[in-house]
Amino acid sequence: MVMQTSLVELEARHRALEEEISDALAHPSTDDMKIAELKRRKLQVKDEIERMRHGSAASVH
């Protein structure tokens, strides 16, 4: 159950970063480095989500 909660939290963080990136791209004054940092963080969260999904699938078997 704890892993499921963490997965839900990570997915919510991923969606929030997606929205933040979209907002940043909508404003031409946003620094490219900020956008790159947001994308990097989003990718890290996505990687963590995948690790948790594969880890929970392995523990079920």
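Further up the page is the structure itself.
Computed from a prediction, not measured in an experiment: that's the story for all the values here.

**So, the overall build of the protein chain**
So, point 1. Summing up its helical and strand segments, the protein chain has two helices and zero strands in all.
So, point 2. A buried classification covers 21% of the 61 residues belonging to the protein chain.
So, point 3. Pairs at least 24 apart in sequence give 68% of the contacts found in the protein chain among residues at least 6 apart.
So, point 4. For the protein chain, the computed accessible surface area is about 4,800 Å², with 56% contributed by carbon and sulfur atoms.

**A word on the side chain of Lys 42**
So, point 1. If you trace the backbone, Lys 42 turns up in helix α2 (residues 32-60).
So, point 2. A distance of 2.6 Å separates polar atoms of two side chains, one belonging to Lys 42 and the other to Glu 18.

**What to know about the environment of Asp 23**
So, point 1. Mapped onto the elements of the fold, Asp 23 is located in helix α1 (residues 2-26).
So, point 2. Asp 23 sits 12 residues away from Ile 35 along the chain, and the two C-alpha atoms are 9.9 Å apart.

**Remarks on the nonpolar core**
So, point 1. By size, the foremost hydrophobic cluster in this structure holds 10 residues: Leu 7, Leu 10, Leu 17, Ile 21, Ala 24, Ile 35, Leu 38, Val 45, Ile 49 and Met 52.
So, point 2. Counting only elements with at least two residues in this core, the list comes to α1 and α2.
So, point 3. In this view, Leu 10 contacts Val 45, Glu 48, Ile 49 and Met 52; residues no more than four positions away in its chain are not counted.

**Section: the pattern of salt bridges**
So, point 1. Enumeration over the complete set of coordinates arrives at six salt bridges.
So, point 2. A salt bridge links Lys 42 to Glu 18; the shortest N-O distance between them is 2.6 Å. With a gap of 24 residues between them, Lys 42 in helix α2 and Glu 18 in helix α1 connect regions that are remote in the sequence.
So, point 3. The salt bridge involving Glu 37 is made with Arg 40; its shortest N-O contact spans 2.6 Å.

Conventions adopted
Counting of residues starts from 1 at the beginning of each chain's written sequence and follows it residue by residue. Given that the model is predicted, a residue must reach a pLDDT of at least 70 before its local features are reported, and side-chain atom pairs must reach 80 or more before they are shown or counted; all residues, however, enter totals for whole chains, interfaces and linings. Side-chain numbers come from the whole structure's heavy atoms, not from hydrogens or water. Each helix is a run of DSSP H or I of at least 4 residues and each strand a run of E of at least 2, with the numbering of both proceeding from the N terminus. Under the scheme applied here, a residue whose accessible area is under 20% of the maximum for its type counts as buried, over 50% as exposed, and between as partly exposed, the area being computed with a 1.4 Å probe on protein chains only. Throughout, a residue-residue contact means that at least one pair of heavy atoms, one from each residue, lies within 4.5 Å. Surface accessibility in these figures is a Shrake-Rupley result with a 1.4 Å probe; residues are shielded only by whichever protein chains are displayed. Counted as a polar contact is a pair of N or O atoms within 3.5 Å, where, for protein atoms, one must be capable of donating a hydrogen and the other of accepting one, and residues adjacent in sequence contribute only when both atoms are in side chains. Here, the term nonpolar core denotes a set of buried Ala, Val, Leu, Ile, Met, Phe, Trp, Tyr and Cys residues that are joined through side-chain atoms within 4.5 Å. For salt bridges, the criterion is a side-chain nitrogen of Lys or Arg within 4 Å of an Asp or Glu carboxyl oxygen.

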